[in-house]
Structure formats: structure tokens, C-alpha cells
Amino acid sequence: MPNQPVRRVRQHHAIEHATITVLMRRNAHLQLVGGRSDHRGFYIFGPVDSEALMEAAQEALARLQRGESGLAIHPNCGTNLVTTGTLAGVAGLLTTTISRRRQASLWDQLPFAILAATLALLVGRPLGFRLQRHVTTLADVRNLRLGQVSRRQLGRWVQHFVRVEELR
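These remarks concern the structure in this document. (Residues numbered from 1 in each chain as written. Predicted model: local features only at pLDDT ≥ 70, side-chain atom pairs only at ≥ 80, totals over all residues. Heavy atoms only, no water.)

## As for the pairing of strand 4 (residues 157–166)
Inference 1: Relative to strand 4, strand 2 (residues 41–45) is paired through five bridges, and the arrangement is antiparallel. The residue bridging Tyr-43 from the neighbouring strand is Phe-161, located in strand 4.
Inference 2: Summarising the sheet, strand 3 (residues 144–154) and strand 4 pair through nine bridges and their orientation is antiparallel. When the sheet's bridge partners are listed, Arg-152 is paired in strand 4 with Gln-159.
Inference 3: Where strand 3 folds back onto strand 4 in an antiparallel hairpin, the turn is made up of two residues, including Gly-155, whose phi is positive at roughly 70°. (Pairing = 2+ DSSP bridges. Helix = DSSP H or I, 4+ residues; strand = E, 2+ residues; numbered from the N terminus.)

Here is the structure:
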């Protein structure tokens, strides 16, 4: 199937989000830097104990498999940031382009650019959530299981990689 790698990344992204949610609920003071998914599994960046990470990932996967698809959506996902940033940038650019055609001064353009960017920020978050739900994550993970977890210490940074395997 040609889109299988994309499907796998979306599934792994869902498990990544769910794992981060479980970790944060267990320890609200945890300072996670973030995560990233690929076709093999997902990375978690931050000072997390390997055993605690594996337990959280197992719980997250089980909950997704039981139908808790909301765990696949995370408010701090890069999808939300990129969506909001793109909309705000385009809104500001369009506003200044239109204002320049009217030969408005920079000071006259600025309030409209700020207003357009603010409106984009208001639209960006819900649109980012929608994109997560339909494009960048896939909560249907019933055919997956967790594999090996590896840990790398990069100075003060800790990186874990959680391999995700397909059930056969």
C-alpha cells in the first residue's frame, strides 16, 4: 500500500501524544521538551525515567486501542503551532500588501496587520486541532504494539525512542 508509511507516522504521532498526556497527568511538574514521530516509532525529549516512559506508553496505547481517540490530540502539538503561525503570517502579509496598494504608511498598515494576525490566531488553534484529528494523527492503532525503548543522554538532554511494531 503506497501510503502505508504516512499511515504509520500518523499512528505513531497519536501514540506519542497519548504518551505525553499520560506522562504529564502522572507528573504535572515534568519538563518535557517535546516529541517527534517517524515511520519506526516516536521520540520523547526530556528528563523522563525510561521505565516510567514505557509504562505511560503502554497505558496510552491501551487507552487508544479501547477507543479514547481524544488522547491523540494535544494542545502543544507542532501542527497547532505551524497552522497558527502560517495563518498569522499570511494574514499579516495580505494586509500589508493591500495597504501598500493603497499607499498607506507603515503606521496606518500596522493596526490592520495586527488585527488580521489576531484573527488568524483565533482561527489557528481550532483549525490546528482539526488538522491533527484528520491529517497528522490517526488514533486507530489496534494493529500496533510497543517494541524496544532506547535512551540516549545528550549532555543534559535525554532522548528516548519508542519503537512501534505492527502485529502480524
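## So, the sheet that holds strand 1 (residues 34–37)
Inference 1: Strand order across the open sheet formed by four strands is 1-2-4-3, with antiparallel pairing between neighbours. Whereas interior strands pair on both sides, the edge strands pair on one side only; in this sheet they are strand 1 and strand 3. Taking the axes of each pair of neighbouring strands and ignoring which way they run, one obtains an average angle of 20° across the sheet.
Inference 2: The pairing of strand 1 with strand 2 spans four bridges and is antiparallel. Its bridge partner being in strand 2, Gly-35 is matched across the sheet by Ile-44.
Inference 3: Against the sheet, helix 1 (residues 4–26) contacts strand 1, strand 2, strand 3 and strand 4, and its axis sits at roughly 35° relative to strand 2.
Inference 4: Strand contacts of helix 2 (residues 50–65): strand 2, strand 3 and strand 4, with the helix running at about 150° to strand 3, the strand carrying the most contacts. (Axes fitted to C-alpha atoms, helices over the stretch in contact; angles between N-to-C directions. Contact = heavy atoms within 4.5 Å.)

## Some details on the nonpolar core
Inference 1: Counting residues in each nonpolar core, the largest one holds 26 residues, and the members touching the most others are Ile-15, Phe-42, Leu-64 and Leu-146.
Inference 2: Of all the secondary-structure elements, those providing two or more residues to this core are helix 1, strand 2, helix 2, strand 3 and strand 4.
Inference 3: Among the elements that make up this core, the one with the highest residue count is helix 2 (seven residues).
Inference 4: Excluding residues within four positions of it along the chain, Phe-42 makes contact with His-12, Ile-15, Glu-16, Thr-19, Arg-36, Ser-37, Ala-57, His-160, Phe-161, Val-162 and Val-164. (Core = buried A, V, L, I, M, F, W, Y, C linked by side-chain atoms within 4.5 Å. Buried < 20%, exposed > 50% of the residue type's maximum accessible area, 1.4 Å probe, protein only.)

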